[in-house]
Every structure is written in structure tokens, then in C-alpha cells.
Amino acid sequence: MVRDLAMRRVSSYAFKKMIANSVRSLSFQINKSTFSRRVCSHQSTEFPEDPPWRIMFFGSDDFAVKSLQALYSKLQTETLISRLDVTTTNAVDWKNEKNKVYRFAESNKLKIHPWPIDAECVRNKFDLGVVVSFGYLIPKSIIESFPLGVLNVHGSLLPKWRGAAPIVHAILNGDSTTGVTIMKIKPDKFDTGDIVRQYSVPIKTDETAAELTNRLAILGAQLLMECIRNLPRSVLMTVPQPEDSATYAKKIVPEMADVDWNNKSAQEIYNQYRALSHLFPLKTRWFDMTVKLLDVSVDEIEIFNPKNQKVIKNMRTKENVFPGIVEFSRKRALLRVQCKDGKWVCVREIIVSGKKSLSASEFYNGYMSKVENSMDRRFTDDLK
């Protein structure tokens with residue numbers, strides 16, 4: 001009887017365990033099914049739950065090419081990506097050349113779709129869109145034709161520096177940190193979508209916008225590939241952007257390179273040079289002539305004054321500041337220009353009114369030495 005009771009207890013325990021395991025198994029299947037439906041119904045079109053993925057790439061410039069190269073490398077293995085098409089403009093530049101993305105796609109025999117495209121070009125043919133430095137709003141009908149949506153690689157820590165030129169504005173503003181954001185594109189607005197991933201980096205003291213652009217392009221490509229390796233999870237686990245901290249990077253225009261000696265410090269003018277020199281040289285006036293400054297830095301050299309045996313670090317007294325005044329250092333072969341804060345920027349190369357570039361020594365001999373009063377040797381802000 002004791003043996004029968006023990007057997008019944010064992011049987012009861014086994015039965016309960018079997019039921020519990022069945023419930024857990026059923027729960028897992030339901031959750032898996034729910035997750036699968038949630039993923040597959042993310043947009044109107046069904047897509048495979050696993051790679052390889054079919055990707056449409058949108059882009060046009062050097063920043064975009066780095067991401068396209070990374071995608072193309074994975075296309076070659078056919079494990080993560082099975083199709084990679086490119087949408088870009090077919091316009092030519094002043095050299096009569098197509099943009100960098102077009103040329104890369106063409107040389108690697110990727111199918112090219114001239115912008116604009118329609119939704120039928122995408123529907124049931126692609127799983128994911130990728131936009132990098134494209135410059136055009138993607139219509140809602142096209143976004144919704146990608147089951148996984150559209151990812152964008154942006155060169156800032158969104159929501160800071162939304163817009164066309166985030167890297168230029170980060171340097172122009174004197175930021176010490178920037179980064180890359182992968183976000184999901186929303187219809188009708190630039191750079192407002194939910195954040196998928198972010199990575200921050202310091203901006204080096206003397207780093208130019210061109211140098212930082214190349215560094216962030218490489219980082220952006222790496223971050224993009226991380227997102228794609230984690231699909232579809234990466235497009236589901238997103239975070240909205242905080243609107244209260246958004247700033248905007250307006251389009252770059254040539255007038256932004258005009259130097260305002262009276263209202264900018266030496267560091268601000270150097271930031272201006274670092275941000276814009278790859279696009280537009282800094283501009284100022286020498287009497288009635290437009291001058292372009294080609295090689296600019298902040299003067300960090302301490303200047304020894306033999307009269308009073310004191311070291312004067314980079315400035316006159318605050319009561320004796322003359323923004324725009326130009327000095328020539330024969331020993332260092334450079335021009336020194338005073339700024340609003342009394343500090344100086346150095347200029348080693350210069351162009352006067354469209355002529356060939358001159359060294360600081362040549363500018364002194366040809367122009368500065370002709371002005372007798374040293375207080376009249378100055379650059380001015382009047383560029384109108």
C-alpha cells in the first residue's frame with residue numbers, strides 16, 4: 001500500500017511536470033508566433049525573418065560611399081545580403097563626372113535606379129532601405145514599401161545638428177564631441193526618426209571638417225553593419241529623439257566663410273577655417289581687394305619682448321586691441337592677424353583678388369610694405 005501511494009505521488013509529480021513543460025512550450029510558441037507576426041506585419045509587405053536581406057541604397061557623396069562599400073563587401077559573401085541596388089542622381093558635376101556613389105555602383109556592376117523612383121520599384125523586391133547623405137526626402141509610399149523600413153546614417157549625435165551639414169556645424173560651433181546616429185526614417189521630415197544606434201567620438205583640436213567627415217563615414221559604415229547583422233531586432237528596439245534638445249545645421253553657403261574680425265575670437269576664426277576650408281576659403285578685405293586665406297592657425301607661440309623682459313602671450317593689452325590689424329613675422333614667415341579677443345591667428349598663404357596664391361613673405365613685399373603706417377595694415381570685414 002505504501003508502495004502504491006509512492007507510485008501515485010510519482011505519477012502525480014510526473015504529470016504536473018509534463019503539464020508545466022507543455023504550457024512553457026506552448027507559451028514560447030505563442031510568443032514566437034506573436035513576435036513573428038509583429039515583425040512580418042511591421043510594414044504592409046511580408047519579408048523573410050532571417051538573412052540574407054535585399055537592400056536598396058540611397059546616397060550620393062563621399063560620406064555615403066563608405067557605407068555602400070561595406071554593404072557591397074557583405075554582398076560578396078551572400079550570407080547577410082543577397083541583393084544590393086543603388087538609387088542616386090545621374091547629374092554631373094563641373095568636371096562632367098557622375099557622383100561618387102554612381103561611379104562606385106557602376107564600376108561594381110550594381111543595378112542603378114535614377115532618382116526619383118516610385119514605390120513599385122521597391123515593393124516585394126526589397127526588405128530594407130538604407131539612406132546615407134542623399135539630400136532628398138523619401139516619400140511615404142516608398143518608405144512603407146520596405147518591410148523593415150528605411151535606415152539612415154547621420155553624421156551627428158541626433159537630435160543635435162539635424163540637417164544638411166552636421167559635421168561642418170559641429171566644428172564651426174566649437175563642439176568637442178560628435179558622433180554617428182543610425183535612425184529610422186520618418187516621412188515628410190529630415191532627421192527626426194527614432195534612434196536605432198549611436199556612437200560618440202571626440203573632435204580633435206586641429207581636425208578639419210574633411211578629416212572628421214572621413215572618420216565618421218567609416219564609423220557610420222561600421223555601425224550600419226552592426227544594425228543589419230541584428231535585423232530584425234535592431235529596427236524594433238528604437239528610441240524616440242528628444243525634441244527639446246534639437247539643433248539645426250543649415251545649408252552651407254559661401255557667405256559663411258566671410259571673416260568678422262571685430263566680433264570673433266581667434267579660436268572662432270580658426271574653427272571657421274577648419275569647418276569651411278575644404279569648401280570655401282576664408283574671405284576678408286585688404287583695402288579695396290578681396291583676400292582669401294588658405295593656411296590658417298591659432299598663434300600659440302609666446303612672443304618675447306626684449307624691452308621689458310616680459311613674455312607677452314599672444315595678445316596686446318585689452319585696452320589696445322585692434323581687430324584685423326596685420327603683422328608680418330619675417331623670422332616665422334607668416335602673417336599674424338589680431339582678433340576680437342586680442343589673440344592672433346597665423347596666415348601662411350593668401351590669394352588677392354583672384355590672382356595666384358602668395359606666401360606671407362610675398363604678400364608683405366607686394367602689398368603690406370607699400371602701406372607706411374603700420375596701423376593701416378589691416379584686414380576689414382566689409383565684403384559687400
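Residues numbered from 1 in each chain as written. Predicted model: local features only at pLDDT ≥ 70, side-chain atom pairs only at ≥ 80, totals over all residues. Heavy atoms only, no water.

Peer 1: Sorry, what's going on with the sheet that holds strand β15 (residues 326-329) here?
Peer 2: As a general point, the strands of a sheet are linked pairwise by backbone hydrogen bonds and lie either parallel or antiparallel. With antiparallel pairing, the 4 strands of this open sheet are ordered in space as β12-β17-β16-β15. Of all strands in the sheet, those with a lone pairing partner are β12 (296-298) and β15, marking the two edges. Averaged over all neighbouring strand pairs, the angle between strand axes comes to 30°, with direction disregarded. The strands that helix α8 (residues 266-276) touches are β12 and β17 (344-347); relative to β12, the one it contacts most, it runs at about 145°. (Pairing = 2+ DSSP bridges. Helix = DSSP H or I, 4+ residues; strand = E, 2+ residues; numbered from the N terminus. Axes fitted to C-alpha atoms, helices over the stretch in contact; angles between N-to-C directions. Contact = heavy atoms within 4.5 Å.)

Peer 1: Any chance you could explain the pattern of salt bridges here in plain terms?
Peer 2: Side-chain pairs of opposite charge can arise where the charged atoms are in close proximity. Counted by the stated rule, this structure contains 14 salt bridges. For Arg-83, the salt bridge identified is with Asp-85, shortest N-O distance 2.8 Å. Classification of Arg-83 by relative accessible area gives partly exposed; the value is 27%. The buried category is assigned to Asp-85, whose relative accessible area is 3%. With a closest N to O distance of 3.9 Å, Glu-144 and Lys-140 form a salt bridge. Three or more residues joined by partner-sharing salt bridges are found here, namely Asp-299, Glu-327, Arg-332 and Arg-336. (Salt bridge = Lys/Arg side-chain N within 4 Å of Asp/Glu carboxyl O. Buried < 20%, exposed > 50% of the residue type's maximum accessible area, 1.4 Å probe, protein only.)

Peer 1: Honestly, the sheet that holds strand β19 (residues 357-359) in this entry has me stumped. Any pointers?
Peer 2: Read from one edge of the open sheet, 4 strands run β10-β11-β18-β19, paired in antiparallel fashion. Because the sheet does not close on itself, it has two edges, and the strands there are β10 (282-286) and β19. Neighbour-to-neighbour, the strand axes of this sheet turn through a mean angle of 35°, independent of strand direction. Where strand β11 (residues 289-293) meets strand β18 (residues 349-352), 3 bridges bridge the pair, whose relative direction is antiparallel. Following the sheet pairing, Val-291 is matched in β18 by Val-352.

Peer 1: What's the story with helix α6 (residues 209-229) in this structure? I'm lost.
Peer 2: Residues three or four positions apart in an α-helix share a direction because the helix packs 3.6 residues into each turn. With 21 residues, α6 should reach 30 Å at 1.5 Å per residue; the first-to-last C-alpha distance of 30 Å fits that figure. Ala-209, Leu-212, Leu-216, Ala-217, Leu-219, Gly-220, Ala-221, Leu-223, Leu-224, Met-225, Cys-227 and Ile-228 are the residues of α6 that are buried. (Expected span 1.5 Å × (residues − 1).)

Peer 1: Could you clarify how one ought to interpret the packing of helix α2 (residues 62-77) against α6 in this entry?
Peer 2: For any two helices packed against each other, the geometry comes down to the angle between their axes and how far apart the axes lie. In the contact formed by α2 and α6, the axes pass within 8 Å of each other and the chain directions differ by 35°. Where α2 crosses over α6, the handedness of that crossing is right-handed. In contact with Phe-63, Lys-66, Ser-67, Ala-70, Leu-71 and Lys-74 of α2, α6 contributes Thr-213, Asn-214, Leu-216, Ala-217, Ile-218, Gly-220, Ala-221, Leu-224, Met-225, Ile-228 and Arg-229. Broken down by class, the residue content of the contact of α2 with α6 amounts to 10 nonpolar, 4 polar and 3 charged. (Left-handed = near helix turned anticlockwise from the far one by under 90°. Nonpolar A, V, L, I, M, F, W, Y, C, P; charged D, E, K, R; others polar.)

Peer 1: Can you walk me through the packing of α2 against helix α3 (residues 100-107) in this structure?
Peer 2: The interhelical angle for the contact between α2 and α3, taken along N-to-C directions, is 25°, at an axis separation of 8 Å. In terms of axis orientation, α2 runs roughly parallel to α3. The residues of α3 that touch α2, namely those facing Asp-62, Ala-64, Val-65, Leu-68, Gln-69 and Tyr-72, are Lys-100, Val-101 and Phe-104. Looking at the contact of α2 with α3 residue by residue, the class counts come to 6 nonpolar, 1 polar and 2 charged. (Parallel < 35°, antiparallel > 145°, perpendicular 65-115°, else oblique.)

Peer 1: Teacher, can you tell me more about the side chain of Asp-175 here?
Peer 2: With respect to the helices, strands and loops of the structure, Asp-175 is situated in the loop between α5 (166-172) and β7 (177-184). Residue Asp-175 is classed as buried on the basis of its relative accessible area of 12%. At 2.8 Å, the side chain of Asp-175 and the side chain of Trp-161 are in polar contact. One polar contact links Asp-175 to Asn-173, side chain to side chain, over a distance of 2.6 Å. (Polar contact = N/O pair within 3.5 Å; in protein donor to acceptor, adjacent residues only side chain to side chain.)

Peer 1: Can you walk me through the confidence of the model for the protein in this structure?
Peer 2: The predicted coordinates ought not to be read in detail in places where the model reports low pLDDT. Averaged over every residue, the pLDDT of the protein is 87; the share at 70 or more is 82%. Every residue in residues 1-45 scores below 50 in pLDDT, and together they form 25 contacts with partners more than four places removed in sequence or on other chains. In this model, residues 304-316 is a region of pLDDT below 50 whose contacts with residues beyond four sequence positions or in other chains number 28 contacts. (pLDDT = per-residue confidence, 0-100.)

Peer 1: Please explain the nonpolar core as it appears in this structure.
Peer 2: Within the largest apolar cluster, 83 residues are counted, with the highest numbers of intra-cluster contacts made by Phe-57, Leu-71, Leu-84, Ile-228, Trp-286 and Phe-379. Of all the elements, α6 adds the most residues to this core, at 10 residues. If sequence neighbours within four positions are ignored, Leu-84 has contacts with Ile-55, Phe-57, Leu-68, Leu-71, Tyr-72, Leu-75 and Leu-110. In this structure, Trp-115, Cys-121, Phe-134 and Ile-142 belong to the second largest nonpolar core, which totals 17 residues. (Core = buried A, V, L, I, M, F, W, Y, C linked by side-chain atoms within 4.5 Å.)

Peer 1: So what exactly am I meant to see when it comes to the packing of aromatic side chains here?
Peer 2: The description of an aromatic ring pair uses the distance of the two centres, along with the angle that the planes make with each other. In this structure the tally under the stated criterion is 16 aromatic pairs. Ring geometry for Phe-126 against Phe-146: centres 6.5 Å apart, planes inclined by 55°, an arrangement best described as tilted. Taken as a pair, Phe-126 in the loop between β3 (112-114) and β4 (128-132) and Phe-146 in the loop between α4 (140-143) and β5 (150-154) lie far apart in primary sequence, 20 residues in all. In this pair, the class of Phe-126 matches that of Phe-146, namely buried. Measuring from ring centre to ring centre gives 5.2 Å for Phe-134 and Tyr-136, while their planes differ by 55°; the resulting arrangement is tilted. (Phe/Tyr/Trp six-rings, centres within 6.5 Å; stacked < 30°, edge-to-face > 60°.)

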